[in-house]
Amino acid sequence: MLIENEVVLRNLLIRGLTGDAVAYHEFLKAVSVHLRSFLRRRLANLPHEVEDVVQESLIAIHNQRHTYDASQPVTAWVHAIAKYKLVDLLRRRGNREALNDSLEGDDSLSVSAGTEAIDARRDIAKLLNLLPERQRLPILHVKLEGLSVAEAASLTGMSESAVKIGVHRGLKALAAKIRGGT
Amino acid sequence: MNTDDLIAVLSTKATPVQPNAAARRYSVAAGWSFLGATVLMASLFGVRSDLVDAAMLPMFWTKIVFVASLAAAGLVAAMRVSLPGVPLGWAAHALIAPVVAIGVLAAIQLVNSDHALRSELFFGTTWRSCPFQIAFLSMPMFIAVLWAMKGLAPTRLRLAGAAMGFAAGAMGALVYSLHCPELAAPFLGFWYSLGMLIPTAIGMALGSRLLRW
């Protein structure tokens, strides 16, 4: 099973690296399935984070695809990148958790904070849909999903400065809409 | 964004990539830093005046082979740790072999020499400056390998930092050996190694900060 996986992934990736978009699409799909089970085992306590790390790993795999050495197994390459992203997540969570503990501590508070956050997210989604794409996507990726400007730029195909401008103008426009709406 | 959409977006950006990115980056890094370190060495320390005579001595070439093989092994090690999932592998042996060889040679020279000469074989005349000048000459390569790694994807950052520092130190030692008058194996084995370990330790300490991506 594993060896079969390796051969399939390797063929698709090598064709993808020469610019074959169809093979590359197949490769990313197969890798995402593989990554999900790889990460699910390692994030057994944080199942809701799995998909985020899958996506971050996919973006990293795409951005670093020139670092695949054809003499090495693809799965080792993919796993190393996924582990790197996993450690990144745990480090970030470690920092945030430390902050949360000292600030909250009370369970009843954090439950209401949770539902409020969900409400707020729904409102933001509604407001965001009012914005043009060039502002909506940068805000979505950078401010809500927490990607870096560079990652958002490579995802949307916009330049980094366009992403920054989009975030800036979009937030301004959102503020104006909120003021106008109340 | 859901994962299928993300995959669809990413696969529209399947522009072809050139193979051997690491080898290409590292040959540029090695070329420029050899040039840079040589210019630094020639202008600040000076090439040893009897280089032509020294080139007749077997021990001179032993020294060159010692540092050149470490520089090559350091370069390969740095290149391998720059790629996700590639183990150090045989590069680890290639790093240890020259040190063991010079250690054996040093022991033979010490055992076969007079009691009175032993400290001369170990300290030479330049032990005070040697490690620091090697560390100084490692700077161009340190910066060049940092540049190379920033364009690749090291995932074990402390190890990558150490490999970066060691490759830089060995390149510094290679260039320094054209200035340095010492030829005794005990001197080379200890003070040269110390000089190379200074940037290695710095690289290891800074690795996780400098190399994050």
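Residues numbered from 1 in each chain as written. Chains lettered and ligands numbered in written order. Predicted model: local features only at pLDDT ≥ 70, side-chain atom pairs only at ≥ 80, totals over all residues.

Caption draft 1: The arrangement of the overall build of chain B in detail. Looking only at helices and strands, chain B features 10 helices and 0 strands. Going from the N terminus to the C terminus, chain B shows its helices and strands as α-α-α-α-α-α-α-α-α-α. Considered along the principal axes of its C-alpha atoms, chain B spans approximately 75 × 35 × 30 Å. By residue count, 43% of the 213 residues in chain B fall in the buried class. Sequence separation of 24 or more characterises 85% of the internal contacts of chain B that already satisfy a separation of 6 or more. (Helix = DSSP H or I, 4+ residues; strand = E, 2+ residues; numbered from the N terminus. Buried ≥ 20, exposed ≤ 12 C-beta atoms within 10 Å, placed from the backbone. Contact = placed C-beta atoms within 7 Å.)

Caption draft 2: The overall build of chain A, seen in detail. Looking only at helices and strands, one finds 8 helices and 0 strands in chain A. In chain A, the succession of helices and strands from N to C terminus is α-α-α-α-α-α-α-α. Residues classed as buried in chain A amount to 31% of the 182 residues present. Of the contacts made within chain A by residues no fewer than 6 positions apart, 52% connect residues no fewer than 24 positions apart.

Caption draft 3: Structural detail: unusual backbone geometry. In this structure, Asn20 of chain B is a non-glycine residue whose phi angle is positive, near 60°. The topology assignment puts Asn20 of chain B in the loop between helix 1 (3-11) and helix 2 (21-45).

Caption draft 4: Structural context of helix 7 (residues 130-137) of chain B. Residues and elements named next belong to chain B. Counting buried positions along helix 7 yields 6 of 8 residues, so the element is predominantly enclosed. For helix 7, the full list of buried residues reads Cys130, Pro131, Gln133, Ile134, Ala135 and Leu137. Here the buried face of helix 7 lies against helix 2, helix 9 (157-176) and helix 10 (185-210).

Caption draft 5: Highlighting the interface of chain B and chain A. Listed per partner, the contact involves 20 residues of chain B and 30 residues of chain A. Of the residues forming the side of chain B that touches chain A, the biggest block, 6 residues, is contributed by helix 1 of chain B. Split into classes, the residues belonging to the side of chain B that touches chain A amount to 13 nonpolar, 6 polar and 1 charged. (Nonpolar A, V, L, I, M, F, W, Y, C, P; charged D, E, K, R; others polar.)

Caption draft 6: Looking closely at the confidence of the model for chain B. This prediction gives chain B a mean pLDDT of 94; 100% of its residues lie at or above 70. This complex was scored by the predictor with a pTM of 0.75 and an ipTM of 0.88. (pLDDT = per-residue confidence, 0-100.)

Caption draft 7: Representation of the environment of Ile64 of chain B. Inspection of the secondary structure puts Ile64 of chain B in helix 4 (residues 58-81). Distance from Ile64 of chain B to Gly195 of chain B, taken between C-alpha atoms, is 15 Å for residues 131 residues apart in sequence.

Caption draft 8: Representation of the confidence of the model for chain A in the model. Residue and element names in this part refer to chain A. The predicted model of chain A has a mean per-residue pLDDT of 81, with 81% of residues at 70 or higher. Mean pLDDT per element in chain A: helix 5 (residues 107-128) is the minimum at 57, and helix 3 (residues 50-63) is the maximum at 94. This stretch, residues 102-114, has a pLDDT under 50; its non-local contacts, to residues over four places away or in other chains, come to 2 contacts.

Caption draft 9: Spotlight on the packing of helix 3 of chain A against helix 1 of chain B. Look at helix 3 of chain A against helix 1 of chain B: their axes get within 10 Å of each other, and the N-to-C directions meet at 5°. The orientation of helix 3 of chain A with respect to helix 1 of chain B, classified from their angle, is roughly parallel. Taken together, the residues of helix 1 of chain B that come into contact with helix 3 of chain A (itself represented by Glu51, Val54, Gln55, Leu58 and His62 of chain A) are Thr3, Leu6, Ile7 and Leu10 of chain B. (Axes fitted to C-alpha atoms, helices over the stretch in contact; angles between N-to-C directions. Parallel < 35°, antiparallel > 145°, perpendicular 65-115°, else oblique.)

Caption draft 10: Spatial organisation of the nonpolar core. Residues Val145, Ala167 and Ala170 of chain B are the most contacted members of the largest nonpolar core, which totals 59 residues. Setting aside residues no more than four positions away along its own chain, Ala170 of chain B makes contact with Val67, Leu70, Ala71, Gly74 and Met196 of chain B. Counting residues in each nonpolar core, the second largest holds 41 residues, with Phe27, Leu28, Tyr84 and Leu147 of chain A among its members. (Core = buried A, V, L, I, M, F, W, Y, C linked by C-beta atoms within 7 Å.)

Caption draft 11: Spatial organisation of helix 5 (residues 90-111) of chain B. The terminal C-alpha atoms of helix 5 of chain B lie 32 Å apart, and with 22 residues this matches the ideal 32 Å at 1.5 Å per residue to within 8%. Turning to helix 5 of chain B, its buried residues number three or more, namely Ala91, Leu95, Pro98 and Ile102 of chain B. (Expected span 1.5 Å × (residues − 1).)

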